[in-house]
Amino acid sequence: MTSSDELFERARHLMPGGVNSPVRAFGSVGGTPRFMVDAHGPHLTDADGVRYVDLVCSWGPALLGHSHPAVIAAVHEAVDHGLSFGASTPAEGRLAELVMQRVPGVERIRMVSTGTEATMTAVRLARGFTGRDLIVKFAGCYHGHLDGLLAAAGSGLATLALPGSAGVTAATAAETLVLPYNDEAALEAAFAEHGDRIAAVITEAAPANMGVVAPADGFNAFLSRTTTAHGALLILDEVLTGFRTGPGGYWGLTGAREGWTPDLFTFGKVIGGGLPTAALGGRAEVMEYLAPTGPVYQAGTLSGNPVAMAAGVATLTHATDDVYAHIDAASLALQDAVASSLDSAGVDHSIQRAGNLFSVAFGTSRGGVRNYADAQAQEAYRYAPFFHSMLESGIYLPPSVFEAWFLSAAHDDEAMNRIIDALPAAASAAAA
Ligand code: PLP
């Protein structure tokens, strides 16, 4: 029995499913989740001392690699001055300015502690600002675990094959219209029918919670035009993509060039560099509707926490163009290696990519995955043997086919070679 086996056995009597977040339980791939005790650079080390090359990167935040010296030093420095002040601090302004330099559409920002809080507040703000009640979301997009956005939500719900969550009232669910992703006609029909009731369309800037699905060319621009035309807001959820797919997030790769800006952005993950920070930001006119200037209430005991702000400031300060160039190149190299291993093993697949994010879908080479129905129709069963073969070789992949693979600036040649060397055996396992 390994230490992880023992720890999991104990944890199951302490926490539902032995975990504090469902996908960590290895439910869809089987086996015992590894209990981690250390994270440095591109590596995670488990309770048995096994060192893995990590392709989860804490589900996104570890853009610079784990325990980047500058981030750890900034956190130490902040901790020496106290953990939480319950008052405004200079560091909040520093992080706000760093975000605004990268994403000029953020004219005002509110720091919160999790991505879920950011999207929850954005939805309330959109309703308060427009005086309308309905929210449009796309099937397969995950925006956190707020009641109204859990229908057909991707991520853990896709992994557990749940259409939505128990505990969400019918009245709440009825205020969310769920549309197929990448389907302009469906959005036009929704606005034709309910246009004067739709407060906002919320979308992942590039979906990465049904596996990665790139928005079709011009799709986000279409969402921006359509919401504006109907007096609704566009909420671009960059919790996962923000400051990861490039300095200006996925908007920086698309909207900045195409000339559109959403009304509200949500951020999480990288913005906190591994500590619990997230944010929403956008047009000043809309953001000023938040308390204390406006009538939409939102607050947080630990919002703008000084230690988390320090981690975020250090992370964004060190997320240079070179960091993005490195991650982009590593991502392309890995996509090629995965594709050629699967080709050699005769495994039908598509590499799903958006910017430097990617995932693998099985049995989908004909058209790739364009929406949640495609994602769910794939040969998902091929992922478990692939995952376990990689794990045996010391590579820690996301324990679900519906999640993106994350790289970092610390994934050097040695780490990349370990991953690439492990692929042929995993591809053969997926073929079986
Ligand atoms: N939005 C997106 C696009 C996400 O990927 C996530 C989490 O994975 C969230 C929102 C929720 O963030 P959190 O888990 O910090 O609540």
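These figures come from a predicted structure and were not determined experimentally. (Residues numbered from 1 in each chain as written. Predicted model: local features only at pLDDT ≥ 70, side-chain atom pairs only at ≥ 80, totals over all residues.)

1. Things to note about the sheet that holds strand 3 (residues 51-54)
Our working definition: Any two strands with at least two DSSP-identified bridges between them are counted as paired. Numbered from the N terminus, helices here are DSSP runs of H or I no shorter than four residues, and strands are runs of E no shorter than two.
Strand order across the open sheet formed by four strands is 1-2-3-13, with mixed pairing between neighbours. Because the sheet does not close on itself, it has two edges, and the strands there are strand 1 (36-40) and strand 13 (395-396). Taken together, the four bridges between strand 1 and strand 2 (residues 43-46) define a ladder with antiparallel strand orientation. For A39, the partnering residue across the bridge sits in strand 2 and is L44.

2. Remarks on the domain arrangement of the protein chain
Rules: An automatic or database domain assignment provides the domain bounds reported here. A pair of residues counts as a contact when their C-beta atoms, built from backbone coordinates, are separated by no more than 7 Å. Think of it as three bins: nonpolar holds Ala, Val, Leu, Ile, Met, Phe, Trp, Tyr, Cys and Pro, charged holds Asp, Glu, Lys and Arg, and polar takes everything else, Gly as well.
If you check the domain split of the protein chain, you get domain 1 (3-67 + 320-431) and domain 2 (69-318). Each of domain 1 and domain 2 has a C-alpha centre, and the two are 25 Å apart. Facing 33 residues of domain 1, the contacting portion of domain 2 comprises 38 residues. Elements that contribute at least two residues to the side of domain 1 that touches domain 2 include exactly strand 11 (349-354), strand 12 (357-362) and helix 14 (372-377). Class assignment of the residues belonging to the side of domain 1 that touches domain 2 gives a composition of 19 nonpolar, twelve polar and two charged.

3. Let's talk about the packing of helix 13 (residues 321-344) against helix 16 (residues 413-431)
So the rule is basically this: Only the contacting stretch of a helix is used when fitting its axis, a line to C-alpha atoms as for every element, and angles between N-to-C directions run 0 to 180 degrees. Here the angle decides the label: under 35 degrees means roughly parallel, over 145 means roughly antiparallel, 65 to 115 means roughly perpendicular, and every other value means oblique. Whether a crossing is left-handed or right-handed is set by the direction in which the near helix is turned from the far one by less than a right angle, anticlockwise for left-handed and clockwise for right-handed.
Remark: helix 13 packs on helix 16, axes separated minimally by 8 Å, with the N-to-C direction vectors making an angle of 30 degrees. What the angle tells us is that helix 13 and helix 16 run roughly parallel. Like other packed secondary-structure pairs, helix 13 and helix 16 cross with a definite hand, here right-handed. Contacts from A330, A333, L334, A337, V338, S341, L342 and S344 in helix 13 reach M416, I419, I420, L423, P424, A427 and A430 in helix 16. A breakdown of the residues in the contact of helix 13 with helix 16 according to their chemical character gives 13 nonpolar, two polar and no charged.

4. Structural notes on the UniProt feature "modified residue: N6-(pyridoxal phosphate)lysine" (unreviewed entry) in the protein chain
Put simply, the test is: UniProt positions are given in the numbering used here, feature names are shortened, and annotations may be inferred rather than shown by experiment.
Taken from the UniProt record, the annotation "modified residue: N6-(pyridoxal phosphate)lysine" (unreviewed entry) applies to K269. Position of K269 relative to the elements: it lies in the loop between strand 9 (264-267) and strand 10 (278-282). Those residues in contact with K269 that lie beyond four places of it in its chain are W59, G60, P61, G115, V239 and L240.

5. Some words on helix 13
The criterion, for reference: The length a helix should cover is 1.5 Å for every residue beyond the first. Between the buried cut of 20 or more and the exposed cut of 12 or fewer other C-beta atoms within 10 Å of a residue's own C-beta lies the partly exposed class, and all C-beta atoms are placed from the backbone.
An ideal rise of 1.5 Å per residue puts 34 Å on 24 residues; helix 13 measures up with 35 Å between its terminal C-alpha atoms. Taken together, the buried positions of helix 13 are Y324, I327, A330, S331, L334, V338, S341 and L342. Contacts from the buried residues of helix 13 go to strand 11, strand 12 and helix 16. In the segment just after helix 13, G346 is the residue with positive phi, at about 75 degrees.

6. Overview of the confidence of the model for the protein chain
Let me state the cut-off plainly: Confidence per residue, as judged by the predictor, is encoded in pLDDT with a range of 0 to 100.
Overall, the predicted model of the protein chain reaches an average pLDDT of 96, with 100% of residues at or above 70. Scored by ipTM, the complex comes to 0.99, with pTM at 0.97.

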